[in-house]
Amino acid sequence: MPRPAGLRTYYFVRAGVAAVWVAAAFTLGKAAPSAAAALLIAYPAWDAIANLIDVSRNGGMARNRPQALNVAVSGITAVAVAMVIANMNAVLGVFGAWAILAGLLQLSTGVRRWKSFGAQWAMILSGAQSALAGGIFIKQAFENTVPGIEDVAPYAAFGAFYFATSALWLLFRRAA
């Protein structure tokens, strides 16, 4: 299992990257379609990389099956988004399926880590909310309106919030 300091740092990095992504989505992504496309592909790719880093630091793929599966799901999602990037409704549908799967896998990881660290309630809540958001994304993907990156950005903002909350919880829990 990860050490609390390592997990705390990991959560802070995840929060920071998500926050930067959200800022870029609302600025660069709204201003330039090519930037939006790059950001939409990069978000699940980053999730795959982040989970791979976490798995490699904490016992490997065999000991962390939900995260190992999340590496694959997120990597496949990045490729799928790249393949359908010209159709934002399809992109939102892919994001929806990914949010459901990644959310359930994150929830599973949070439950597993609770035994060692506690302070995983935010990750569990985040996983559940991600799965719910995924269902909403899929519903929106079938609507007549064309979505944009600003429809995905709040999802990433909640991710930043939950990762920051978990990191701070571990930090203050340690200080107490």
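Residues numbered from 1 in each chain as written. Predicted model: local features only at pLDDT ≥ 70, side-chain atom pairs only at ≥ 80, totals over all residues. Heavy atoms only, no water.

**As for the overall build of the chain**
Okay, step 1: When helices and strands are tallied, the chain shows 6 helices and 0 strands.
Okay, step 2: Scanning the chain from its N terminus toward the C terminus, one meets helices and strands in the order α-α-α-α-α-α.
Okay, step 3: By the compact-globule yardstick of 16 Å for 176 residues, the chain fits well, its C-alpha radius of gyration being 16 Å.
Okay, step 4: Considering only C-alpha atoms, the chain reaches an extent of 50 × 30 × 25 Å along its principal axes.
Okay, step 5: Looking at the chain as a whole, 46% of its 176 residues qualify as buried.
Okay, step 6: Side chains of the chain give 13 positive and 5 negative charges; the mean places of these two sets differ by 19 Å. (Helix = DSSP H or I, 4+ residues; strand = E, 2+ residues; numbered from the N terminus. Rg over C-alpha atoms; globule rule 2.2 N^0.38 Å. Buried < 20%, exposed > 50% of the residue type's maximum accessible area, 1.4 Å probe, protein only. Lys, Arg positive; Asp, Glu negative; His and termini not counted. Charge placed at Lys NZ, Arg CZ, Asp CG, Glu CD.)

**Focus: the packing of aromatic side chains**
Okay, step 1: If you walk through the whole model with that rule in mind, you get 9 aromatic pairs.
Okay, step 2: An angle of 50° between the planes, with centres 4.8 Å apart, marks the rings of Trp21 and Tyr43 as tilted. In this pair, Trp21 is assigned in helix H1 (residues 4-31) and Tyr43 in helix H2 (residues 33-57), connecting sequence segments 22 residues apart.
Okay, step 3: Residue classification places Trp21 among the buried positions, given a relative accessible area of 7%. (Phe/Tyr/Trp six-rings, centres within 6.5 Å; stacked < 30°, edge-to-face > 60°.)

**Some words on H2**
Okay, step 1: Across its 25 residues, H2 extends 36 Å between first and last C-alpha, which sits within 8% of the 36 Å expected from 1.5 Å per residue.
Okay, step 2: Taken as a whole, H2 carries its principal kink of about 25° at Ala42; the proline Pro44 stands between one and four residues after it.
Okay, step 3: Looking at H2, one finds that the buried residues are Ala36, Leu39, Leu40, Tyr43, Pro44, Asp47, Ala48, Ala50, Asn51, Asp54 and Val55.
Okay, step 4: Gly59, located one to two residues past H2, shows a positive phi value of around 100°. (Expected span 1.5 Å × (residues − 1). Bend = angle between axes of the 7 residues up to and from the residue.)

**Re the confidence of the model for the chain**
Okay, step 1: With 94% of its residues at a pLDDT of 70 or more, the chain shows a mean pLDDT of 91.
Okay, step 2: Across the chain, element-level confidence peaks in helix H3 (residues 65-84) with a mean pLDDT of 96 and bottoms out in helix H6 (residues 149-175) with 89. (pLDDT = per-residue confidence, 0-100.)

**Observations regarding the pattern of salt bridges**
Okay, step 1: Inspection of every chain in the model, using the stated rule, returns 2 salt bridges.
Okay, step 2: Here Arg14 makes a salt bridge to Asp47, at a shortest N to O gap of 2.4 Å. On the criterion of sequence distance, the pair formed by Arg14 in helix H1 and Asp47 in helix H2 is long-range, its members being 33 residues apart. Summarising the burial analysis for this pair, Arg14 and Asp47 share the class buried. (Salt bridge = Lys/Arg side-chain N within 4 Å of Asp/Glu carboxyl O.)

**Brief notes about helix H5 (residues 121-141)**
Structural remark: α-helix, 3.6 residues per turn; residues separated by three or four positions point the same way.
Okay, step 1: Taking 1.5 Å of rise per residue, 21 residues should cover 30 Å, and H5 covers 30 Å from first to last C-alpha, within 8% of that figure.
Okay, step 2: All of the buried residues along H5 are Ala122, Met123, Ser126, Gly127, Ser130, Ala131, Ala133, Gly134, Phe137 and Ala141.

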